[in-house]
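Residue strings, one per chain:
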Amino acid sequence: MRSPAARTLTPVTRPVLSVIGCGYLGAVHATAMADLGYEVIGVDVDEAKIKQLAEGTAPFYEPGLDELLQRVEGTGRLQFTTSFETAAERADVHFLCVGTPQRADSNAADLTYVDAALDTLARLLTRPTLVVGKSTVPVGTAERLAARLAELAPVGAAARLAWNPEFLREGFAVQDTLAPDRLVVGVSDPQDAEVLRNVYEPVLAKGTPWIVTDLATAQLVKSAANAFLATKISFINAMAELCEASGADVVALADAIGHDPRIGRRFLQAGLGFGGGCLPKDIRGFMACADELGVQEALGFLREVDDINLRRRARALAQARALVGGDLAGKVVTVLGAAFKPDSDDIRDSPALDVAHMLAREGAVVRVTDPKALDNARRVVSDVELVADPVQACRDADLVLHLTEWRDYRALDPVALKAVVRRPRILDGRNALELAAWAAAGWEVAALGRPTVGGTPQPTVS
Ligand code: UDX
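Please read these numbers as outputs of a predicted model, since none were measured by experiment.

Asker: Describe helix α5 (residues 112-122), listing the residues and the values that go with them.
Answerer: Every buried residue belonging to α5 is among V114, A117, L118, D119, L121 and A122, and all of these are buried. The inward-facing, buried residues of α5 abut β1 (17-20), α4 (84-90), β4 (93-96), β5 (129-133), α6 (141-152) and β6 (159-163).

This is the structure in structure tokens:
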């Protein structure tokens with residue numbers, strides 16, 4: 001019989017942590033926790049990724065992460081390895097940060113990586129441990145994993161499971177990890193929450209709200225937060241459709257409704273809509289989950305949210321077509337932006353690249369530029385030309401599309417750029433440019449959800 005003291009992990013003054021899965025979420029979490037003073041072991045099955053991280057460089061672009069990695073490197077507290085054995089031997093608390101992409105054959109989340117990581121780790125756990133899930137999963141997954149953990153771990157029920165969803169945004173990942181809006185922890189035993197409270201003490205000391213709940217609620221919090229954010233974006237993009245049909249201006253509309261603190265202006269940026277590795281697949285996974293639970297009607301509106309979002313891409317294409325006089329074939333079109341959002345090199349479900357492919361399919365000669373995402377784009381794109389310098393990318397263009405709102409593009413000089421293009425025509429797909437200045441420089445300007453900009457009428461879209 002195990003002694004009562006060995007039954008579960010108690011708050012350890014300075015526990016050793018492991019972070020399993022070193023992608024956007026895990027690499028930042030591991031580095032940030034080491035910065036807070038913990039000894040951290042980052043684990044990933046991808047040897048190239050581990051090698052790069054061990055050398056002190058992030059395998060992706062995330063502002064501030066390289067600096068943080070290098071700062072922490074000097075302390076000797078952060079180690080990266082492909083060995084689960086090392087993590088199981090040394091760490092008291094293990095954070096599961098592996099990806100849950102959309103399944104190829106359905107809308108549901110693919111839990112293969114979560115299941116594999118948990119199984120591998122569990123079999124190695126010989127002393128009381130807390131495993132903390134951070135990946136976005138359908139509700140019910142944590143309960144299943146908790147049972148599997150206790151079944152597979154040599155230490156049995158002393159291997160505990162908690163759920164601690166992550167809300168970080170790419171581009172702000174370091175800041176969101178070190179100073180999050182809130183920390184949410186789902187547990188089946190209050191003692192597990194105490195272990196985590198102890199781990200997060202340096203973050204909680206800054207006044208971060210601490211929410212302890214059950215496993216099911218913690219998993220749902222993450223899905224609900226992403227569904228709400230996606231809904232907010234699609235709401236304003238639905239208003240953009242109404243603005244386009246009625247001659248109104250969605251930017252002025254968003255400003256006006258955003259003054260109401262119950263509504264708020266954040267996440268009401270109308271334009272090309274949402275993409276990335278989270279919102280699109282998470283709302284689809286959430287719908288699949290509701291379906292499984294027999295309450296599909298509850299999330300029926302997310303189908304609309306998804307459809308509105310994808311219609312923005314079709315609208316941008318239609319506007320591009322109208323701007324060049326109805327036929328894109330043979331026209332040189334420059335796309336400013338390849339990343340799904342600025343300050344990231346992530347091109348997963350990038351609205352900008354999606355539109356670039358659609359233009360290429362209509363026969364346009366498409367040139368895409370981006371300050372950080374071209375290396376990633378090069379790996380998957382073959383139908384468009386990738387050009388690093390935005391001014392070179394605009395040379396002889398019949399049309400310029402602004403599809404990812406990098407600061408660099410707001411700094412472009414419309415007067416200088418006019419001398420480079422064949423026809424000065426620009427569509428602002430993110431409503432982020434000073435279009436009055438572009439119009440004043442002699443450009444024909446258009447935007448999504450804004451019928452006239454700088455006094456220039458929008459082209460008719462059929
Ligand atoms: C999102 C959530 O914000 C984060 O909490 C969660 O942990 C992961 O998913 P992220 O995917 O990094 O984060 O990006 P986010 O800033 O949410 O933007 C998502 C997409 O929505 C981007 O394509 C962005 O361009 C678009 N967006 C965002 C809009 O179109 N309008 C807006 O007002 C805001």
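Asker: Talk me through the site of the ligand; I want residue IDs and the actual numbers.
Answerer: Close contacts around the ligand come from 20 residues, with F167, L168, E170, Q269 and K341 the closest. Interatomic distance of 3.4 Å between a backbone N/O atom of L268 and an oxygen atom of the ligand. Isolated, the ligand exposes 660 Å² of accessible area, and the fraction of that covered by the protein chains is 91%. When residues of the shell around the ligand are assigned to their parent elements, the largest contribution, four residues, is made by helix α10 (residues 215-246). Broken down by class, the residue content of the shell around the ligand amounts to ten nonpolar, four polar and six charged.

Asker: Tell me about the domain arrangement of the protein, residues and numbers included.
Answerer: Under the domain assignment used here, the protein contains domain 1 (17-212) and domain 2 (240-457). For domain 1 versus domain 2, the distance between C-alpha centres works out to 34 Å. Interface area for domain 1 against domain 2, summed over the two sides, is near 1400 Å², with a carbon-plus-sulfur share of 52%. If you sort the residues of domain 1 by the area they bury against domain 2, Y61, N107 and E170 come out on top, with a joint share of 45%. Linking domain 1 with domain 2 are one salt bridge. Where E170 meets R348, a salt bridge forms, and the shortest distance between an N and an O atom there is 3.2 Å. Seen at the junction of domain 1 and domain 2, the total is eight residue pairs in polar contact (both at pLDDT 80 or more). The residue inventory of the side of domain 1 that touches domain 2, partitioned by class, reads nine nonpolar, five polar and two charged.

Asker: Any details on the pattern of salt bridges? Residues and values, ideally.
Answerer: Across all of its chains, the model carries 32 salt bridges by this definition. Here K49 and D44 are joined by a salt bridge, their closest N and O atoms 3.9 Å apart. Residue class for D44 comes out buried when judged on its relative accessible area of 10%. With a closest N to O distance of 3.7 Å, R197 and E194 form a salt bridge. In this pair, R197 and E194 are both assigned in helix α8 (residues 190-199), three residues apart and thus about one turn of the helix distant. When salt bridges with common partners are traced through the structure, they connect E170, D346 and R348 into a single cluster.

Asker: Kindly report on the state of the cysteines, identifying the contributing residues and their values.
Answerer: Throughout this description, disulfide means a covalent bond between two cysteine sulfur atoms. For the structure on display, the rule yields zero disulfides. With no disulfide of its own, C289 lies closest to C278 among cysteine sulfurs, the gap being 17 Å. You can call C289 buried: its relative accessible area is 7%.

Asker: Could you give me a rundown of α8, with the residues and numbers involved?
Answerer: Within α8, the full set of buried residues consists of D192, A193, V195, L196 and V199. The buried residues of α8 occupy one face: seen down the axis, they fall within an arc of 155°. Between a side-chain oxygen at the N-terminus of α8 and the backbone nitrogen of Q191 the separation is 2.9 Å; the capping residue is D189.

Thresholds, definitions, all that
- Residues numbered from 1 in each chain as written.
- Predicted model: local features only at pLDDT ≥ 70, side-chain atom pairs only at ≥ 80, totals over all residues.
- Heavy atoms only, no water.
- Buried < 20%, exposed > 50% of the residue type's maximum accessible area, 1.4 Å probe, protein only.
- Helix = DSSP H or I, 4+ residues; strand = E, 2+ residues; numbered from the N terminus.
- Contact = heavy atoms within 4.5 Å.
- Near = heavy atom within 4 Å.
- Polar contact = N/O pair within 3.5 Å; in protein donor to acceptor, adjacent residues only side chain to side chain.
- Areas by Shrake-Rupley, 256 points an atom, 1.4 Å probe, with all protein chains shown as cover.
- Nonpolar A, V, L, I, M, F, W, Y, C, P; charged D, E, K, R; others polar.
- Domains from an automatic or database assignment.
- Buried area = accessible area lost by both parts, 1.4 Å probe.
- Salt bridge = Lys/Arg side-chain N within 4 Å of Asp/Glu carboxyl O.
- Disulfide = S-S within 2.5 Å.
- Arc of directions from axis to C-beta.

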